[in-house]
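Letter by letter, the chains look like this.
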Amino acid sequence: MSSTTPSPPSTYRIADTVLTMPVRIRRADTHVAVFSVAAPNAQRLIDYSGLTVCQHRPGRALAMLMLVRYHDGDLGQYHEFGTAVMVNPPGRTGRGPLALRSAAAFIHHLPVNQSFTLAAGRQIWGFPKIMADFTVRERPKFDFEVSEDGRLIAGIEFGAGLPVPSRLTNRPQVLTTYSHADGVTREIPWEMRNSGMRFRLGGARLRLGDHPYAVELTALGLPKRALVTQSSANVEMTFGDAREVPPAN
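Residues numbered from 1 in each chain as written. Predicted model: local features only at pLDDT ≥ 70, side-chain atom pairs only at ≥ 80, totals over all residues. Heavy atoms only, no water.

(A) Geometry of the side chain of asparagine 88. Looking at the element boundaries, asparagine 88 is found in strand S7 (residues 78-88). One polar contact links the side chain of asparagine 88 to the main-chain carbonyl oxygen of glycine 94, over a distance of 3.2 Å. Residues contacting asparagine 88, with those up to four places away along its chain left out, are Leu51, Thr52, Val53, Cys54, Thr93 and Gly94. (Helix = DSSP H or I, 4+ residues; strand = E, 2+ residues; numbered from the N terminus. Polar contact = N/O pair within 3.5 Å; in protein donor to acceptor, adjacent residues only side chain to side chain. Contact = heavy atoms within 4.5 Å.)

(B) Layout of the sheet that holds strand S12 (residues 151-158). Within the open sheet, the four strands sit side by side as S10-S11-S12-S16. Their pairing is antiparallel. Looking at strand neighbours, the two that pair on one side only are strand S10 (133-137) and strand S16 (204-208), the edges of this open sheet. Direction aside, the axes of adjacent strands within the sheet are offset by 10° on average. The strands touched by helix H3 (residues 212-219) are S12 and S16; relative to S12, the strand with the most contacts, the crossing angle is about 55°. (Pairing = 2+ DSSP bridges. Axes fitted to C-alpha atoms, helices over the stretch in contact; angles between N-to-C directions.)

(C) Quick peek at H3. Every buried residue of H3 is listed here: Tyr213, Ala214 and Leu217. Down the axis of H3, the buried side of the element spans an arc of 100°, and every buried residue falls inside it. Turning to H3, the residues buried within the fold contact strand S6 (60-73), S7, strand S8 (104-112), strand S9 (129-131), S12 and S16. At the exit of H3 stands glycine 221, carrying a positive phi of roughly 95°. (Buried < 20%, exposed > 50% of the residue type's maximum accessible area, 1.4 Å probe, protein only. Arc of directions from axis to C-beta.)

(D) Expanded view of the environment of glutamate 157. Residue position: glutamate 157 is located in strand S12. With relative accessibility at 23%, the residue glutamate 157 sits in the partly exposed group. In the structure, glutamate 157 is positioned 49 residues away from leucine 206 in sequence and 6.7 Å away in space, judged by C-alpha atoms. Setting aside residues no more than four positions away along its own chain, glutamate 157 makes contact with Lys141, Phe142, Asp143, Gly203, Ala204, Arg205 and Arg207.

And the structure:
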């Protein structure tokens, strides 16, 4: 009778710290604005990845702008602003609302305000992290701005959403994200559990500056009215090892 010895977890040395996979985020909060944009514009933005945008409606794709504040986790405390486009997994060509069930987020921008997570994100997952400055205001409405070297990338003011019962949101979700760096597209598995979620139609006022990232967002037809917004007061996450995606033939 034979037995298989499980492989030891992979580890990464970032500066003087060793991270053992999976990386765990014990507490974070999120604010997300989702926009419906022209699919050809979104495809041009992410063509370098080799992935294809998921059209939730004919000629339309979904772009997400999100602020995540990490309060307790293996990567320390930091803020992160992400620009993501929903894409089909490699080899799939799904369209329509049902295709979103298998779609995943491709991370195109990812400014952060802490050097350790910048190094870890680039080295482990190929995330396009840059250093940036964040300003967050909790009242009278939740509002934030992210900039690099004094040049505004984006600012978003969020309206209050309606609470979503925790029984609908606190089950673990197994998800996939894609990144691209140094000519390689990667698939990153992760899990999320959240509570304190709020949701509403519209609910975001987007401001764009003159930073090159802002110019790219303008090419998507932004700023415009958000399709939906969502926030979560308590989020737990785990991130696994990245896997290289073979180039399309």
